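# Examination of the molecular architecture
Now for the letters of each chain:
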Amino acid sequence: MIRELKKVDDHISLFEMKSNALEVLVTNFGGTIIRLLMPDKNGQKGDVVLGYDSIAEYQTKDAYLGALVGRTANRTRKGTFSLNGKTYTLPLNDGPNSLHGGVHGFSQKVFDAKIQGDSLVLTYLSPDGEEGYPGNLRLTATSTLTGGTLTLRYQATTDQDTLINITNHSYFNLSGGQEDICNHTLQVHSDTYACIDANGLPTGEFRDTQGTPFDFHTPARIGDVLARQDEQLTLGRGVDHPFLFNRAEDQVVLCHPASGRRLTISSTLPGTQVYTGNQLDGRIGKYGIAYPKHFGICLETQNLPDAIHLEQDPSTILKKGDVYDETTSYTFEVVQS
Ligand code: BGC
């Protein structure tokens, strides 16, 4: 079941999706997931994503809570790139680099919204030159809730070659905000992670995860990982790294054993940024709960960040006439242990 729950103003609305397992609140401001309610093993409902009480806070605060980010998620080196022999300049909004599509990226845009069957369909036409990117880019973001699975599909076309790398930036906390993420376990089916520099930008060096703190082949307790001594963990102030998947589905599993809540992520994309909320600063979120460091974890499925500078045939280029079409599903379950 899906319905428009409330109009915030003439342009922004809140949409509610409900199934027997989940209740999801989404807005067409930034395609943001505001609330995600699910039961724990005792049937107690909890909200498993971080967020704010008002749209105004989403408009003014900077952590991308729950947002759709683009045109390109993560960092572009020095906010510049060349495509077809032309150089483009993006706003520098993260030290020397451009982050998450610039100052007014997709997380700050009002999308057109319509309910189509069981789905919420958000569309946005990003004009040529917006935040420095070439081409009129037409983006459709479709959210569908089926049982315990929320599916997010992103489709885009352009009238000039451009870059695209869309993700959802939800901060998950399966305890329902009862504690930070240290007691969660994380499994990521990945043999390779990308090293970053002190600004969080991938350096171009890739390492084997095996035997490192970035080895999530079997579920690892996040608090134990964050306590490890490792130069890459120090540079990221925790985990804030791209991982390349070694399989095509069910690549990420996040669990909170005490509540029995489990999230399984399955994506058509080749990797994910894992970000352990290292920059969270104690800000107050929904329900008056403070969000200190490591209070949420982002599992941002995407192509390789800054692929334009790192890959031979960059996966983030969208050519005129081609279609970008990627889907990530998030399955929430309760496991009795
Ligand atoms: C990045 C972090 C950044 C955060 C902003 C994440 O996707 O990897 O480095 O601080 O977004 O909220």
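So, how was this worked out
Residues numbered from 1 in each chain as written. Predicted model: local features only at pLDDT ≥ 70, side-chain atom pairs only at ≥ 80, totals over all residues. Heavy atoms only, no water. Salt bridge = Lys/Arg side-chain N within 4 Å of Asp/Glu carboxyl O. Helix = DSSP H or I, 4+ residues; strand = E, 2+ residues; numbered from the N terminus. Buried < 20%, exposed > 50% of the residue type's maximum accessible area, 1.4 Å probe, protein only. Near = heavy atom within 4 Å. Polar contact = N/O pair within 3.5 Å; in protein donor to acceptor, adjacent residues only side chain to side chain. Areas by Shrake-Rupley, 256 points an atom, 1.4 Å probe, with all protein chains shown as cover. Nonpolar A, V, L, I, M, F, W, Y, C, P; charged D, E, K, R; others polar. Core = buried A, V, L, I, M, F, W, Y, C linked by side-chain atoms within 4.5 Å. Contact = heavy atoms within 4.5 Å. Pairing = 2+ DSSP bridges. pLDDT = per-residue confidence, 0-100. Phe/Tyr/Trp six-rings, centres within 6.5 Å; stacked < 30°, edge-to-face > 60°. Axes fitted to C-alpha atoms, helices over the stretch in contact; angles between N-to-C directions. Disulfide = S-S within 2.5 Å.

With that settled, the discussion passes to the pattern of salt bridges. Any two side chains of opposite charge can pair, on the condition that their charged atoms come close. Counted by the stated rule, this structure contains 13 salt bridges. The partner of Lys-109 in a salt bridge is Glu-130, with the nearest N and O atoms 3.1 Å apart. Placement of the pair is Lys-109 in the loop between strand 10 (98-99) and strand 11 (112-116) and Glu-130 in the loop between strand 12 (119-126) and strand 13 (137-146), with a sequence separation of 21 residues. Pair check on accessibility: Lys-109 and Glu-130 agree, each one buried. The partner of Glu-205 in a salt bridge is Arg-207, and the shortest N-O contact between them spans 2.8 Å. With a relative accessible area of 38%, Glu-205 lands in the partly exposed category. Classification of Arg-207 as partly exposed rests on a relative accessible area of 29%. Bridged by salt links that share partners, the residues Asp-62, Asp-281 and Arg-283 form one connected network.

In the region of the ligand, the neighbouring residues are Ala-63, Tyr-64, Asn-74, Arg-75, His-100, His-169, Tyr-171, Asp-240, Gln-273, Tyr-275, Gln-279 and Glu-300. In the model, an oxygen atom of the ligand is placed 3.5 Å from a nitrogen or oxygen of the Asn-74 side chain. Taking Gln-273, its side chain carries an N or O atom lying 3.3 Å from an oxygen atom of the ligand. Alone, the ligand offers 310 Å² of accessible surface; in the complex the protein occludes 95% of this. When grouped by side-chain class, the residues that make up the shell around the ligand number 4 nonpolar, 5 polar and 3 charged.

So, on to the nonpolar core. Membership of the largest hydrophobic core comes to 55 residues, with the highest contact counts inside it found for Leu-186, Leu-299 and Phe-332. Residues within four places of Leu-186 in sequence aside, it is in contact with Phe-216, Thr-218, Pro-219, Ala-220, Ile-222, Val-252, Val-253, Leu-254, Val-274, Ile-297 and Leu-299. Membership of the second largest hydrophobic core comes to 17 residues, among which are Leu-25, Tyr-275, Leu-280 and Tyr-291.

Our next topic: the sheet that holds strand 22 (residues 240-245). Whenever strands of a sheet pair, they do so through backbone hydrogen bonds, lying parallel or antiparallel. Read across the sheet, 6 strands follow the order 17-28-25-22-19-20 without closing on themselves; strand pairing throughout is antiparallel. Strands at the two margins of the open sheet, each flanked by one partner only, are strand 17 (171-172) and strand 20 (202-208). Summarising the sheet, strand 25 (residues 271-275) and strand 28 (residues 297-302) pair through 5 bridges and their orientation is antiparallel. If you follow Gln-273 over to strand 28, its bridge partner there is Glu-300.

Here we come to the pairing of strand 20. When strand 19 (residues 190-196) meets strand 20, the two strands line up antiparallel, connected through 4 bridges. When the sheet's bridge partners are listed, Tyr-193 is paired in strand 20 with Arg-207. From the end of strand 19 to the start of strand 20, which pair antiparallel, there are 5 residues, and Gly-200 there has a positive phi angle of about 80°.

The next thing to look at is the side chain of Ser-143. With respect to the secondary-structure elements, Ser-143 resides in strand 13. With relative accessibility at 7%, the residue Ser-143 sits in the buried group.

Averaged over every residue, the pLDDT of the protein is 98; residues scoring 70 or more account for 100%. Model confidence for the protein, summarised as mean pLDDT per element, is weakest for helix 1 (residues 55-60) at 95 and strongest for strand 25 at 99.

A few words now on the packing of aromatic side chains. Under the counting rule described, the total for this entry stands at 13 aromatic pairs. A ring pair is formed by Tyr-171 and Tyr-275, whose centres lie 6.1 Å apart and whose planes are at 70°; its orientation type is edge-to-face. One end of the pair, Tyr-171, is in strand 17; the other, Tyr-275, is in strand 25, with 104 residues separating them in the sequence. Residue Tyr-171 is classed as buried on the basis of its relative accessible area, which comes to 3%.

Within the open sheet, the 5 strands sit side by side as 1-2-3-4-5. Their pairing is antiparallel. Two strands close off the open sheet at either side, each with one partner strand: strand 1 (2-7) and strand 5 (45-47). Strand-to-strand twist across the sheet, computed as the mean angle between neighbouring axes with direction ignored, equals 20°. Pairing of strand 3 (residues 23-27) with strand 4 (residues 33-39), which is carried by 4 bridges, proceeds in the antiparallel orientation.

The next thing to look at is the state of the cysteines. For the coordinates displayed, the defined rule picks out 0 disulfides. Take Cys-182: it sits in no disulfide, and the sulfur closest to it among the cysteines is that of Cys-298, at 15 Å.

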